[in-house]
Every structure is written in structure tokens, then in C-alpha cells.
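Listed below are the residues making up each chain.
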Amino acid sequence: MRRSIFGDDHESFRSSCRAFLDKNVAPHIETYIAEKGLPREFWTSAGEQGLLGLEIPEEFGGSEAGDFRFNAVFAEELSRVSAALSSCVSIHADIAVPYIVDLGTQEQKERWLPGCASGEILTAIAMTEPGGGSDLAALKTTAVRDGDEWVINGSKTFITNGYSADLIVTAVRTSPEKGAKGITLFGIEATDPGFSRGRKLDKVGQTESDTAELFFENVRLGDDRVIGEVDRGFIAMMERLPQERLIVAVANVAHAKQILAETIQYAKERQAFGQPIGSFQHNQFLLAEQTTAIEVAEAYVDAAVAAHSDKELSSVDAAKAKFWSSDVQNTVLDHCVQIHGGYGFMNEYRVARAWRDARVTRIWAGSNEIMKMLVGRDLGL
Ligand SMILES: Cc1cc2nc3c(=O)[nH]c(=O)nc-3n(C[C@H](O)[C@H](O)[C@H](O)COP(=O)(O)OP(=O)(O)OC[C@H]3O[C@@H](n4cnc5c(N)ncnc54)[C@H](O)[C@@H]3O)c2cc1C
């Protein structure tokens, strides 16, 4: 199906993203996987190309496209190369940085945004704690007032870019008695005394992204590190989670679409019983179904991208896009592994890695069960 949301500007941006990734990034994926993370040169070279500043105003070194379709194009191109690349970049450029752009003071913007655009300051967002991620309102990391300062204690886990981030947008409880209305966002820098991180977590997939546990032991910060208003952090997160879920949905579809295209090619080439395996009717029907499933999911996600670009995407529709796209992605990739036979189970095959990489998309950014809860509530249930 012909897609209608992108115009010439988006397609020319796509060509430059693709040229950059094919030349500077794709050849190094094996190294990134071996090192369980992206080197700083990846970030600074993406910054030089102007790819990290789509959300950042020009006065702070960005290009502030003001059109989410550009973010979607970049996420699609990253996903084509590796699912983890897209996750790491989106956490920085589409998810953490917008908190500073939207809620930061002039001083915070001057301090952080130019580095965020150039790739010299890498960001992460820390909501999830060892005790739980789904029930965000119950988080336990605290900031207690002591004179002019806040004293932060607690820990976060599963934080994407957590091992290498310079700045972590961190959700912290400032008013214990106020539940969801007692959470504040802080900008914690990796050099702040009392901040430390654990090892790179050993994940089933998305090996080339670094994911870490973070610890805060009497981290003392002034009011200048509060992002937005005290006790308004939960609302700030709720307002921005639709963008996070949408970019995840874009990446899910693009990732599965790419691997499916490679699988169709494989089915044309691989022979069994003297004929291409794709010519067996079972496989032909299977690949027809998966292609259709991707195109239908893509049409919904495209509509959500267009709505978000017009500032009209609801949190419920973002939730639908997130859970549906991740279910479709996982189903499609499982079939792609099957079509590859034994090779589909070998780590050196992209399809095997993609299958492992996809599993987390049903868990993170709000699990699919939490997404369905949001949709169910909207139905008045
Ligand atoms: C690789 C990776 C990267 C991540 N990156 C980040 C990051 O950068 N920043 C960040 O803050 N977090 C991050 N996360 C955390 C992620 O968002 C959480 O894992 C997720 O929100 C689920 O939280 P949990 O793991 O604590 O599971 P739990 O909240 O303990 O849930 C366990 C299970 O119970 C289900 N469940 C919970 N409540 C309900 C309910 N009411 N109804 C039905 N089912 C329910 C869940 O759906 C899940 O299946 C990452 C996770 C992974 C694995």
C-alpha cells in the first residue's frame, strides 16, 4: 500500500539518514554488539549530521523540525539497521530531551541542550525501579529537602543508555503523602557526587544498547536541577508518554517490515524438494498474511504519526499503536525465523537477532497489559 504521510522533504531526509547509517553505522554493528553499547563517536557523528536535534530549538544547536514525521523517518531508518539503535536514539532525542525543551529553564536549556544536539551530552530517562515499573505512581526513590538542597536516595533499573548517559532525567518522590501528585523530575548528571551505576545488564536481545541499574546515595542537588515544577513530574510524564509509545510503534513496524523483506528474499532463494521454499503454498500464504499484517499496522501507526504531527494524538490511540505494533512485530518475526529453518536460530543471522530484539517491545514503554488497561478504561470498563 502506498503511504501518504511523507512528502518530498521527508523522503530527502530519509535518503540522508540512510546514507549516513549505511556508511558510518551499519559496518560497525558487530563491534557495538560485542561491546554491548554504542561508542560516543556514534553519537557525535549523528550530532554532526544534525540528526539528534529534531526536537531542539535552533538557538540551542538543534533544527527543531516541529514535524514528528521527521522523527518517524529517522526511527524507521535506524530500525532498518538495528532495533537497538533506534531504541537508544529515541530514548535520547525523542523521549528524554523533550522534557528539557518543554519544561527546562533558560539556564538548563543553555547548559544541556547544545550538548544533547551535538551528541556530547547523552541522556536517559529513569522511571523504572527494581520494585516495579508498571505502577509508576508507587516509585520509591526520594528527594528530601535539606536547607536549600534536595537529597536524593534510591535506585532505578533497566535504564536504556544508563551506562553511558551524562544526564539522566529522573523521576523522584518529593511528597511521600501525595502519591502520583508527589513526584518531581530532576536532571541528575553522571558527575554528581553520590551517583553511581551498575554493570551493563546482560539482556536476551538488543545487545548493542547499554542498559543499566542506577544508584543515588545522598545526591545533593539545588532547585536548578528540578525539571518543571515540584510535584508535577507524574503529569509531565503522562503528557509525554504518548510520544514515547508512538516512536516505539514506528520502530516496531519498520523493524519487522525490514526483516520480513529479507525473509521473502530468502524464501525465493532457498531450495527444498527441488523448488524455492517460498513457492510452497503454506509459505506463500504465510508471507502474504505477514505482509498484510505489517501494512495494516503501518497504516494505523502512520495515522497516529500524522495525528501527533497535528498535536491531536490521544494517549489511548498511542497505547493502541504501541501494543498492536509490538504484537504484530513479534508474530511476524517468529514466522520469519521459521521460514529460515535452522539458520533462523543462529545468532549470526539477522533474523535470529531481530526475533530476540523484538521480545522486549511488548514489555517496555508501558507493558502491553498496561496499554490494554488504558484502552479498556477508555471504553468505560
Ligand atoms: C531492555 C529494557 C530497557 C528499558 N528501558 C527503560 C528506560 O530507559 N527507562 C525506564 O524508566 N524504564 C525502562 N525499562 C523498564 C520497562 O519500562 C519496565 O520493565 C516495564 O514498564 C514493566 O515494569 P516491570 O519490569 O517492573 O514489570 P512489573 O510492573 O513488575 O509487571 C510484571 C508483569 O505484570 C503485568 N502487570 C502489572 N500491572 C498489571 C495490571 N494492572 N494489569 C495486568 N497486568 C499487569 C505487567 O504487564 C508485566 O507483564 C526498560 C526495560 C527493559 C527490559
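Every value quoted in this text rests on a predicted model; they were computed, and no experiment measured them.

**Topic: the pairing of strand β7 (residues 211–221)**
Remark: a regular strand shows side chains that alternate across the two faces of the sheet. As defined by bridge partners, strand β3 (residues 149–160) adjoins β7 across 8 bridges and the pair is classed as antiparallel. Residue pairing in the sheet places S155 in a bridge with F215 of β7. Taken together, the 4 bridges between strand β6 (residues 195–200) and β7 define a ladder with antiparallel strand orientation. Counted as the bridge partner of R197 is L214 from β7.

**Details of the pattern of salt bridges**
Here the structure, examined in full by the defined rule, presents 27 salt bridges. R220 is the salt-bridge partner of E149, the closest N and O atoms lying 2.7 Å from each other. With E149 in strand β3 and R220 in strand β7, this residue pair connects regions lying 71 residues apart in the sequence. The shortest N-O distance in the salt bridge between K257 and E298 comes to 2.8 Å. Residue K257 is found in helix α7 (residues 233–269), and its partner E298 is found in helix α8 (residues 281–309); the two are separated by 41 residues along the sequence. If you follow the salt bridges from partner to partner, you end up with R3, E11, R14, R18, D22, E76, E77, R80, K257, E298 and D302 in one network.

**A look at the packing of aromatic side chains**
Two numbers describe a pair of aromatic rings. These are the distance of the centres and the angle of the planes. Considering all chains together, one arrives at 9 aromatic pairs under this definition. The interplanar angle of 75 degrees and the centroid separation of 5.7 Å between the aromatic rings of W150 and F186 together place this pair among those described as edge-to-face. Within this pair, whereas W150 is found in strand β3, its partner F186 is found in strand β5 (residues 183–189), the two being separated by 36 residues in sequence. Considered together, W150 and F186 belong to a single accessibility category, that of buried residues. Centroid distance Y343 to Y349: 5.3 Å. Interplanar angle 35 degrees. Geometry classified as tilted. For Y349, a relative accessible area of 28% translates into the label partly exposed. Among the aromatic residues, those joined into a cluster by ring pairs are Y32, F42 and W43. The ring of F6 carries the charged tip of R14 above its face, separated from the ring centre by 5.2 Å. When the ring centre of Y99 is taken as origin, the NZ or CZ atom of R240, which lies over that ring, is 5.6 Å away.

**Side note on the site of the ligand**
Looking at the ligand, there are 20 residues lining it, with G133, S134, F158, S367 and E369 nearest. F158 places a main-chain nitrogen or oxygen 2.7 Å from a nitrogen atom of the ligand. For the ligand, whose free accessible area comes to 980 Å², the fraction covered by protein is 65%. Counting residues per element, the ones that place at least two in the shell around the ligand are β1 (123–126), β3 and α11 (368–378). Counted by class, the shell around the ligand contains 12 nonpolar, 6 polar and 2 charged residues. Taken together, domain 2 (125–231) and domain 3 (235–378) each give at least three residues to the shell around the ligand, which thus spans both.

**Notes on the packing of helix α4 (residues 68–81) against α8**
Direction vectors running N to C along α4 and α8 enclose 140 degrees, while the axes themselves pass 8 Å from each other. Taken as axis vectors, α4 and α8 run oblique relative to one another. Where α4 approaches α8, its residues F68, R69 and A72 are matched on the opposing element by V305, H308 and S309. Class assignment of the residues belonging to the contact of α4 with α8 gives a composition of 3 nonpolar, 2 polar and 1 charged.

**Here's the deal with the domain arrangement of the protein chain**
Here the protein chain is described as being made up of domain 1 (8–122), domain 2 (125–231) and domain 3 (235–378). Listed as interface residues are 23 residues of domain 1 and, on the opposing side, 19 residues of domain 3. It is F68, R80 and Y99 that lose the most area in domain 1 upon contact with domain 3, and together they represent 30% of the buried surface on that side. Inspection of the region where domain 1 meets domain 3 yields 2 salt bridges. Among the salt bridges present, the one from D102 reaches R240, with a minimum N-O distance of 3.1 Å. Joining domain 1 to domain 3, the criterion identifies 7 residue pairs in polar contact (both at pLDDT 80 or more).

**Quick notes on a nonpolar patch on the surface**
On the surface, Y343, F345, M346 and W355 cluster together into a nonpolar patch covering about 410 Å² of accessible area. Within the fold, F345 resides in the loop between α9 (315–339) and α10 (350–358).

About the thresholds
- Residues numbered from 1 in each chain as written.
- Predicted model: local features only at pLDDT ≥ 70, side-chain atom pairs only at ≥ 80, totals over all residues.
- Heavy atoms only, no water.
- Pairing = 2+ DSSP bridges.
- Helix = DSSP H or I, 4+ residues; strand = E, 2+ residues; numbered from the N terminus.
- Salt bridge = Lys/Arg side-chain N within 4 Å of Asp/Glu carboxyl O.
- Phe/Tyr/Trp six-rings, centres within 6.5 Å; stacked < 30°, edge-to-face > 60°.
- Buried < 20%, exposed > 50% of the residue type's maximum accessible area, 1.4 Å probe, protein only.
- Lys NZ or Arg CZ within 6 Å of the ring centre and 35° of its normal.
- Near = heavy atom within 4 Å.
- Polar contact = N/O pair within 3.5 Å; in protein donor to acceptor, adjacent residues only side chain to side chain.
- Areas by Shrake-Rupley, 256 points an atom, 1.4 Å probe, with all protein chains shown as cover.
- Nonpolar A, V, L, I, M, F, W, Y, C, P; charged D, E, K, R; others polar.
- Domains from an automatic or database assignment.
- Axes fitted to C-alpha atoms, helices over the stretch in contact; angles between N-to-C directions.
- Parallel < 35°, antiparallel > 145°, perpendicular 65-115°, else oblique.
- Contact = heavy atoms within 4.5 Å.
- Buried area = accessible area lost by both parts, 1.4 Å probe.
- Patch = residues over 30% accessible without salt bridge, like charges linked within 9 Å, V, L, I, M, F, W, Y side chains within 5 Å.

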